[in-house]
Amino acid sequence: MSQHGSPPPYYPSSSEADPLIGPRKPSRRYQSLCVYAAIIALLIVSITIFSMRPSNDPLDPDVRDRIRKDWDIELRQHQKEVLERIDTQKRWRVEDNDRIRLREQWGTEVEKHNREVEERLRRDAEHRIHMHEQWKREIEEHDEEVKEGRRRDEEESIRIRERWRREAEEHDKEEEALRRREEQERILLRKKWSREVEDHEREVEDRRQHEEEERLRLNMFWTDLAPHTCTTYATREYTARLVNVPSYYNRRVEACMALPVKIHGVEYTPKWCEDHGSDNVIGHWEVDQHEPDCTSYWSSYKDLGCVLPGSGQRRIEHYLKNLPSGGNWKEFCATTPASFRGMHFVGAEFCFRKYYSTYGQWVLDDESCK
């Protein structure tokens, strides 16, 4: 019987009067064929699905090989775990043995330490008893020595005071004689110095008069008097050139130092001179009067407290104002006078610059810092 459907067979028993197209019930044989075809298709699909899934049949060689491989893997894993467990147990046994030996060693050391401690305590007790007795004897001997030494010291001090008294009397006599001799020598020296000073002043006066007469005769004078920068507190430098100096005159520096010039209506002699030739003798003056532009001053008094705890010293700070342009800040800081706390100072003890400003500091003795 064919598995595929075929046209229904012709049955001549059909009536010719039946309609050619119309509803007709299938035959029983046709229905059976459809059922068989569905069952066969279902079996084919099931076989295909089961052939695609791995088989678990223990009689299948592939299944047995796969199971044997899984057993081998599990056996190797089990053997590995057994070996690891054996190594762990061995390591534990070694550690247990080490701990047992360590505890035994500790016990032995503790017993030995206890015996040593007891022996040391016993020796210390004996040593303390011995030292106590020795200290007691030494204290008694020291007391006797102190009493004897005090007695000897008193006797020695009496002898020393008597000797000092005699020496003091002799020293006073020698001092008095020495004082009289020195006073006589001082009187003689003062007389000698007075004569020498008078002779020197007379010589200086004679030389000055001679030089003055010579300058008047030569008619030398100052020209090109010019002020310069401030040098120190309230002091400005001036220069001038000495003119009408003969070329043959060989005492130009002496003439420069002796010839005064009027500045602010007051005559000043040069502080030093430079000789650059007969027509170029330069005199230098430092005038410390009537120079208000050179007068710096202190302000912003600040008490910085004690230098160090227990030092007995206090630090004071001021700010320097009116510093002339081009002036040396160190020189002005050291020469600008200051007065505070009932004291007067000719200048700062310490000078420093901070943020282009000049500051001075003083360190004073202060009992409150002890």
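So, here is what we can say about the structure in this document. Throughout this description, residue numbers start from 1 for each chain and increase along the sequence as written. Local features are withheld for residues below a pLDDT of 70 in this predicted model, meaning they are given only at 70 or higher, and side-chain atom pairs are given and counted only at 80 or more; totals for whole chains, interfaces and linings count all residues. Side-chain metrics rest on all non-hydrogen atoms present in the structure, leaving aside hydrogens and water.

Okay, the overall build of the chain next. Under the DSSP-based scheme used, a helix requires at least four consecutive residues in state H or I and a strand at least two consecutive residues in state E, with every element numbered from the N terminus. When helices and strands are tallied, the chain shows 4 helices and 12 strands. By residue count, 19% of the 370 residues in the chain fall in the buried class. Should any heavy atoms of two residues lie within 4.5 Å, those residues are considered in contact. Across the chain, every contact between residues at least 6 apart in sequence was considered, and the portion connecting residues at least 24 apart equals 53%. When the accessible surface of the chain is split by element, carbon and sulfur atoms take 54% of a total near 29,700 Å². Only protein chains enter the calculation, and the probe is 1.4 Å; a residue is then buried if its accessible area is under 20% of its type maximum, exposed if over 50%, and partly exposed in between. Under the convention used here, a 1.4 Å probe and the Shrake-Rupley method define accessible areas, while residue burial counts only the protein chains that appear.

Below, the discussion takes up the sheet that holds strand 8 (residues 313-321). One requirement defines pairing of two strands: DSSP has to find at least two bridges between them. Spatial strand order, 7-8-12-11: 4 strands in an open sheet with antiparallel pairing. Every other strand in the sheet has two partners, leaving strand 7 (297-306) and strand 11 (350-354) as the edge strands with one partner each. With strand direction ignored, the average angle separating the axes of adjacent strands in the sheet is 25°. Pairing between strand 8 and strand 12 (residues 357-365): 7 bridges, direction antiparallel. The partner of Arg314 across the bridge, within strand 12, is Leu364. Every axis corresponds to a line fitted to the C-alpha atoms, with the helix fit spanning only the stretch in contact, and the corresponding angles, defined between N-to-C directions, vary from 0 to 180 degrees.

A few words now on unusual backbone geometry. Not every positive phi belongs to a glycine, and Ala234 is a case in point at roughly 60°. Along the chain, Ala234 turns up in the loop between strand 1 (221-232) and strand 2 (235-243). According to the relative accessible area criterion, Ala234 is buried, its value standing at 13%. For Arg341, which is not glycine, the phi torsion reads 55° and is therefore positive. Within the secondary structure, Arg341 is located in the loop between strand 9 (338-340) and strand 10 (343-345).

All right, on to the side chain of Asp366 then. Within the fold, Asp366 resides in the segment after strand 12. A relative accessible area of 12% places Asp366 in the buried class. Whenever two N or O atoms come within 3.5 Å, that pair is a polar contact, provided that in protein one can donate a hydrogen and the other can accept it, and provided that, for residues adjacent in sequence, both atoms are side-chain atoms. There is a polar contact of 2.7 Å between the side chain of Asp366 and the side chain of Ser368. Once residues within four sequence positions are removed from consideration, Asp366 is found in contact with Gly312, Gln313, Arg314 and Arg341.

We call a set of buried residues a nonpolar core when its members are Ala, Val, Leu, Ile, Met, Phe, Trp, Tyr or Cys and they connect through side-chain atoms within 4.5 Å of each other. Ranked by internal contacts, the top residues of the largest apolar core, which has 17 residues, are Met220, Trp222, Leu242, Cys256, Ile263, Trp285 and Val287. One finds Cys230, Cys294, Phe332 and Phe340 within the second-largest nonpolar core, a separate group that totals 13 residues.

Now for the sheet that holds strand 6 (residues 281-287). In spatial order, the strands read 1-2-6-5; together these 4 strands make up an open sheet with antiparallel pairing. For this open sheet the edge positions go to strand 1 and strand 5 (272-275), each flanked by a neighbour on one side alone. With strand direction ignored, the average angle separating the axes of adjacent strands in the sheet is 20°. Alignment of strand 2 against strand 6, held across 7 bridges, turns out to be antiparallel. Across the sheet, Ala240 pairs through a bridge with Gly283, a residue of strand 6.

Another aspect to go through is the state of the cysteines. Disulfides are defined as pairs of cysteine sulfur atoms found within 2.5 Å of each other. Under the criterion given, the structure shown has 4 disulfides. The disulfide partner of Cys230 is Cys294, and the gap between their sulfur atoms is 1.8 Å. Here Cys230 and Cys294 share a disulfide; its torsion about the S-S bond, -70°, makes the bridge left-handed. Of the two residues, Cys230 sits in strand 1 while Cys294 sits in the loop between strand 6 and strand 7, which places them 64 residues apart along the sequence. Across the pair, Cys294 and Cys230 agree in class, each one buried. Two residues share a disulfide in this structure: Cys256 and Cys273, whose sulfurs sit 1.9 Å from each other. An S-S torsion of about -85° defines the bridge between Cys256 and Cys273 as left-handed.

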